[in-house]
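Residues per chain, in single letters:
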Amino acid sequence: MTAPEVKLFNTLTREKEVFVPLTPGQVKMYTCGPTVYNYAHIGNLRSYIFPDLLKKLLAFLGYQVTQIMNFTDVGHLTSDADAGDDKIEKAAAALGKSAWDISKFYAEAFKQDISALNIAFPSRFTYATDYIPQQIDLVKALEDKDLTYANEDGVYYDTAQFSDYGKMAKLDLEGLQEGARIDADGKRNKTDFALWKFSPSDAQRQMEWESPWGKGFPGWHLECTAMIFAELGPTIDIHTGGTDHIPVHHTNEIAQAEGATGQPFVKYWLHGEFLVLDQNQRMGKSEGNFVTLQTLIDAGFSPKAYRYLCLTSHYRHFLTFSQDNLKAASTAYFKLKRTIEHLHAQDDRHPEGAAEYREKILNALCDDLNAPKAVGLIWDLVQNDQVGDAHKLVLIREFDQILSLDLLNFTDYPELLLQIPDEVQSLAQARWEARLAKNWAESDRLRDLIQAAGFQMRDGKDSFELVALDA
RNA sequence: GGCGACGUAGCCAAGUGGUAAGGCAGGGCUCUGCAAAAGCCUUAUUCGCCGGUUCGAUUCCGGCCGUCGCCUCCA
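What you see is a predicted model; the values in this text were computed from it and never measured.

Let us now look at the packing of aromatic side chains. Counting across every chain of the model gives 23 aromatic pairs. Taking 6.1 Å as the distance between ring centres and 70° as the angle between the ring planes, the aromatic pair formed by Tyr 39 and Phe 105 counts as edge-to-face. With a gap of 66 residues between them, Tyr 39 in the loop between strand E3 (26-31) and helix H1 (42-46) and Phe 105 in helix H4 (residues 99-116) connect regions that are remote in the sequence. What makes Tyr 39 partly exposed here is its relative accessible area of 36%.

Structure representation (structure tokens):
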């Protein structure tokens, strides 16, 4: 069969476009990574699932994919005003550790989180602090093109000099409302942003570097552009991130990159929509309604169930998160695995039916990563008795390379991972024996005790099983 | 104020100019000492509201209502 076209919704054009790589067979992609001053919350983590899907889909189709993901490990200001605190240095001070320790610690925690979610590591992780010379060079390049100016605060990008500024975001520059916390003093245009910030004269920063303009640290938008240039070159195929980055961060990246090189920066910009809470509130590090992956694990959920939940919603749509939704996803997820587990590998009837599903599922994924549709088709497939189970299993193995839901791993059911207290274990044993003796009264009495201890006993033909009751 | 997105069953969520995938929850049946689990079956005459285009719209166009996001570090 011929490989289908991949269509991606490109923020630049606000349309689905057929993906054509810059170099045939190769894909250069960059994924905006986290600022590591705290744990990632599940909303953050969601936005790394769709690039993972994309990367795996492209690899599946035979492309050679190079993906870079960064860690913003240098602190930036909480606002562009001079008075802002540096998040990393702030966290470091609060915990009595160095800024370097903080960023390293949370970068490692992030790697663990994405591993738990079966998000494959990029070809390389890059750390902003490893690219300070490149960032300085980029500012120099912009300076040479007369796109910068310096003030007391630092070196700024003069966005009025870049004709396409704000094009992707469709910014109405006149209509932008200056935020109450922005200190516009010293800026020529309200959209100007810092390329290099000077260290404060009255305080010692932990992270600061010498530069041609004075001691300081790079502006936030600079690092992504510099690292992309260093690792992937002046023009790349795909750049991913959250929708919140469209108007500022990515707009500024484009201004920096295209201002410096005069060449197109990114061919396809992909943005993931936010996860929101029940009341349609966004989850944010600043909002205080922060749920981490560990929170879910502690509540008894599998990280894969969370991945499943994310895959049942399109990446460009809001995903409403609630404990109930996750519970429903988790139930569905493990039920799907059980269904797959019970397929019969010897049943090889109707290969043509399987071929049809293969095409449909692949088309769904190629259509701007329509994972929800693909998951629906997987359900359809496993329940379709017109297709031989053996063929179903082949397809599931194939597509799980992309979906990464561990659909063929039958050893991670929640009940198998349970720690069952000895006393519950012996109660269960006693009940089993009472049952065999047809002593129903005693059997029911013991079942009540087991339930009171938080477990449910499932009677099988020759054995029983204990599962935790919902809290 | 500017820009943008969304509104499909109790809940989550696909989708198409030709009459609504899938999942969860619910209901029924089978199984079971009774349960649970599992299996089978079932669940929207209808897609926020009102107009328009059309033989026909949930799907296209216009208006309205509602919700949310971004414009400030944030995925």
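After presenting the structure, the write-up continues.
You can read the domains of chain A as domain 1 (7-276), domain 2 (322-403) and domain 3 (418-468). Relative placement of domain 1 and domain 2: their C-alpha centres are 37 Å apart. Tallying the contact residues gives eleven residues for domain 1 and twelve residues for domain 2. Its largest share of buried area at the contact with domain 2, domain 1 owes to Leu 53, Leu 57 and Phe 60, together 54% of the area lost on that side. Counting the contacts that link domain 1 with domain 2 gives one salt bridge.

Before going further, it helps to spend a moment on the side chain of His 221. With respect to the element layout, His 221 can be found in helix H6 (residues 220-231). In this structure His 221 comes out as buried when scored by relative accessible area, which is 8%. There is a polar contact of 3.2 Å between the side chain of His 221 and the side chain of Asn 252. If sequence neighbours within four positions are ignored, His 221 has contacts with Phe 193, Val 248, His 249, Asn 252, Glu 253 and Gln 256.

With antiparallel pairing, four strands are arranged side by side in an open sheet as E6-E7-E8-E9. Strands at the two margins of the open sheet, each flanked by one partner only, are strand E6 (148-150) and strand E9 (216-218). Each strand of the sheet is rotated relative to its neighbour by a mean of 20°, with strand direction disregarded. Relative to E9, strand E8 (residues 193-198) is paired through three bridges, and the arrangement is antiparallel. Across the sheet, residue Lys 197 finds its bridge partner in E9, namely Phe 217.

Counted by the stated rule, this structure contains 20 salt bridges. The partner of Lys 16 in a salt bridge is Asp 367, with the nearest N and O atoms 2.8 Å apart. With Lys 16 in strand E2 (residues 15-18) and Asp 367 in the loop between helix H11 (351-366) and helix H12 (371-383), the pair connects residues that are 351 residues apart, well separated along the chain. Of the residues examined, Lys 16 reaches a relative accessible area of 43% and is grouped as partly exposed. Here Asp 367 falls in the partly exposed class, since its relative accessible area comes to 29%. Taking the shortest distance from any N to any O, the salt bridge between Lys 197 and Asp 153 comes out at 2.8 Å. With Lys 197 in strand E8 and Asp 153 in the loop between E6 and strand E7 (154-157), this pair connects stretches of sequence that are 44 residues apart.

Moving on, we come to the packing of H6 against helix H7 (residues 246-261). Between H6 and H7, the least distance of the axes is 9 Å, while the angle of their chain directions is 50°. Here H6 is positioned oblique relative to H7, judged by the angle of their axes. Considering how the two elements wind past one another, H6 and H7 form a crossing that is right-handed. Contacts between H6 and H7 involve Trp 220, His 221, Leu 222, Cys 224, Thr 225, Ile 228 and Phe 229 from the first element and Val 248, His 249, Asn 252, Glu 253, Gln 256, Ala 257 and Thr 261 from the second. The residue inventory of the contact of H6 with H7, partitioned by class, reads seven nonpolar, six polar and one charged.

So, how was this worked out
- Residues numbered from 1 in each chain as written.
- Chains lettered and ligands numbered in written order.
- Predicted model: local features only at pLDDT ≥ 70, side-chain atom pairs only at ≥ 80, totals over all residues.
- Heavy atoms only, no water.
- Phe/Tyr/Trp six-rings, centres within 6.5 Å; stacked < 30°, edge-to-face > 60°.
- Helix = DSSP H or I, 4+ residues; strand = E, 2+ residues; numbered from the N terminus.
- Buried < 20%, exposed > 50% of the residue type's maximum accessible area, 1.4 Å probe, protein only.
- Domains from an automatic or database assignment.
- Contact = heavy atoms within 4.5 Å.
- Buried area = accessible area lost by both parts, 1.4 Å probe.
- Salt bridge = Lys/Arg side-chain N within 4 Å of Asp/Glu carboxyl O.
- Polar contact = N/O pair within 3.5 Å; in protein donor to acceptor, adjacent residues only side chain to side chain.
- Pairing = 2+ DSSP bridges.
- Axes fitted to C-alpha atoms, helices over the stretch in contact; angles between N-to-C directions.
- Parallel < 35°, antiparallel > 145°, perpendicular 65-115°, else oblique.
- Left-handed = near helix turned anticlockwise from the far one by under 90°.
- Nonpolar A, V, L, I, M, F, W, Y, C, P; charged D, E, K, R; others polar.

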